[in-house]
Amino acid sequence: VRINYTSWVTPTRIFDYFPEQESLILRRETPVLGGFDSEDYLAYRMWAPARDGKMIPLSVVHRADLDKSRENPVLQYGYGSYEVSVDPYFSIPRLSLLDRGVIFVVAHIRGGGELGRAWYENGKKNTKTNTFTDFVAVTRHLAARPDVDARRIALMGGSAGGLLAGAVLNLAPELYCGAVAAVPFVDPLTSMLMPELPLTALEWEEWGNPVESAEVYEY
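All of these numbers come straight from a predicted model, not from anything done at the bench. (Residues numbered from 1 in each chain as written. Predicted model: local features only at pLDDT ≥ 70, side-chain atom pairs only at ≥ 80, totals over all residues. Heavy atoms only, no water.)

What's the story with the pairing of strand β2 (residues 10–18) in this structure? I'm lost.
Where a strand is regular, its side chains alternate between the two sheet faces. With five bridges joining them, strand β1 (residues 2–7) and β2 adopt antiparallel strand pairing. Looking across to β2, one finds that I3 is bridged to F15. Taken together, β1 and the strand that follows it, β2, pair antiparallel across an intervening segment of two residues. Bridge analysis of β2 against strand β3 (residues 23–29) gives six bridges, and the strand direction is antiparallel. Across the sheet, residue F18 finds its bridge partner in β3, namely S23. (Pairing = 2+ DSSP bridges. Helix = DSSP H or I, 4+ residues; strand = E, 2+ residues; numbered from the N terminus.)

Structure (structure tokens):
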């Protein structure tokens, strides 16, 4: 059996497992320069309450020697669309942030698939605002922690997560010192009104069809 393994703090490793011998052999590991040691970093789960009381799972990553007696900056990431689960993945560029004392947080907000089908369906079409308010609720939860500097929380999202970034910056601009909106999908209404575009008909399942529904158009 070939196994591909990674985590928030573990570079991709490829193993071969031989059931008869119960042996596991490391075949390849993604090299990381600069004296990297996975033991220098921590990754764990936290939970934050949404405005309606639902508990939102968070993935938290930082250096193991982070000084939690003082306030530290946060980069909060989110996606929350298409029933996509943000699974643990290793990032070499992220190490630069962690080594400078940044706490990296993934908010597994509604619209994603992390907690099953209902978690997705409560963050799409006419419940899409749950995706945005969940993200803001996570930020408020983090900002109240003694080890977080509430003045230095930045947000990041790409594509549908860029829509998240744009919506959140309009909902609660006072909570963020900066934002990265990568290839942001910030005008879904215009796109959904153009069925001649190659992806629009498929996207109606995610966002609703404003061509046929005035309710969807207004939302």
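Before we go on, may I ask you to explain helix α1 (residues 92–99) in this structure?
Two residues of an α-helix separated by three or four positions point the same way, owing to the 3.6 residues in each turn. Regarding α1, the residues found buried are R94, L95 and L98. Along the long axis of α1, the arc covered by the buried residues comes to 110 degrees, so they all point the same way. Buried residues belonging to α1 abut β4 (41–49), β5 (55–63) and β7 (103–107). Downstream of α1 by one or two residues, G101 has phi in the positive range, about 90 degrees. (Buried < 20%, exposed > 50% of the residue type's maximum accessible area, 1.4 Å probe, protein only. Arc of directions from axis to C-beta. Contact = heavy atoms within 4.5 Å.)

Keep in mind these values describe shape, not function.
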